[in-house]
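Listed below are the residues making up each chain.
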Amino acid sequence: MKAHVASLINAIAMIALGLWGYFGSETPSPTAFIPVGFGIVLLALNNGVKKENKVIAHIAVLLTLIIVIALGMALKGAIGRGDNMASTRVGIMLLTAVLAIVAFIRSFIQARKNREAQS
């Protein structure tokens, strides 16, 4: 999967599941908007990732890595509370973020191979 597609899927998942987490909860917490904010930023960066802008792609990877770390902590908390719906939502967001990082790493490796082949 191309990095920009994986990042787009990740951004949409962050936005949709974050909004669901807030509006679908009996006791909504403003922290549910954190992945929404990250998703909006990733969505804004997606065109630069698609055009293979190195700086933008590295910013997107850094944000995605931060998201993975934060979602890992959120998943631990949701499991500790016994909140199955929150665990599911966070687990899905974590999965899409990890898949995006894998796609970014593969694209960076391929770009390096392409540069070396041109030399």
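Residues numbered from 1 in each chain as written. Predicted model: local features only at pLDDT ≥ 70, side-chain atom pairs only at ≥ 80, totals over all residues. Heavy atoms only, no water.

Caption draft 1: A look at the overall build of the chain. Across its full length, the chain carries 4 helices and 0 strands. Each helix and strand of the chain, ordered N terminal to C terminal, gives the series α-α-α-α. Viewed in the frame of its principal axes, the chain has a C-alpha envelope of about 60 × 25 × 20 Å. Taking all 119 residues of the chain together, the buried fraction comes to 36%. Looking at the chain alone, contacts between residues at least 24 apart form 62% of all its contacts between residues at least 6 apart. For the chain, the accessible surface area stands at approximately 7400 Å², while carbon and sulfur atoms represent 68% of it. Across the chain, 11 positive and 4 negative side-chain charges occur, with their mean positions spaced 9 Å apart. (Helix = DSSP H or I, 4+ residues; strand = E, 2+ residues; numbered from the N terminus. Buried < 20%, exposed > 50% of the residue type's maximum accessible area, 1.4 Å probe, protein only. Contact = heavy atoms within 4.5 Å. Areas by Shrake-Rupley, 256 points an atom, 1.4 Å probe, with all protein chains shown as cover. Lys, Arg positive; Asp, Glu negative; His and termini not counted. Charge placed at Lys NZ, Arg CZ, Asp CG, Glu CD.)

Caption draft 2: Layout of the environment of lysine 76. Take lysine 76: it is sitting in helix H3 (residues 54–81). By relative accessible area, lysine 76 is classed as exposed at 68%. In this structure, the C-alpha to C-alpha distance between lysine 76 and threonine 31, residues 45 residues apart in sequence, is 15 Å.

Caption draft 3: Representation of helix H2 (residues 33–50) within the structure. Taking 1.5 Å of rise per residue, the 18 residues of H2 would be expected to cover 26 Å, and the 26 Å separating its terminal C-alpha atoms lies within 8% of that figure. Bending of H2 peaks at approximately 35° at the position of alanine 44. Where H2 is buried, its residues touch helix H1 (3–23), H3 and helix H4 (84–118). Looking one or two residues past H2, glutamate 52 carries a phi angle of roughly 60°, positive in sign. (Expected span 1.5 Å × (residues − 1). Bend = angle between axes of the 7 residues up to and from the residue.)

Caption draft 4: Representation of unusual backbone geometry in the model. The phi dihedral of glutamate 52 is positive, around 60°, even though this residue is not glycine. Of note, glutamate 52 is situated in the loop between H2 and H3. Accessibility expressed as a relative area gives 68% for glutamate 52, which makes it exposed.

Caption draft 5: Just the environment of histidine 4, in detail. Here histidine 4 is to be found in helix H1. With a relative accessible area of 18%, histidine 4 lands in the buried category. Through-space distance from the C-alpha of histidine 4 to that of alanine 74 is 25 Å; in sequence the pair is 70 residues apart. In this structure histidine 4 touches Asn46, Val49 and Lys50, once residues within four positions along its chain are discounted.

Caption draft 6: Representation of the packing of H3 against H4. Running from N to C, H3 and H4 point in directions that differ by 155°, and their axes come no closer than 8 Å. By the criterion of interaxial angle, the relationship of H3 to H4 is roughly antiparallel. The element H3 and its partner H4 pack so that their crossing is left-handed. (Axes fitted to C-alpha atoms, helices over the stretch in contact; angles between N-to-C directions. Parallel < 35°, antiparallel > 145°, perpendicular 65-115°, else oblique. Left-handed = near helix turned anticlockwise from the far one by under 90°.)

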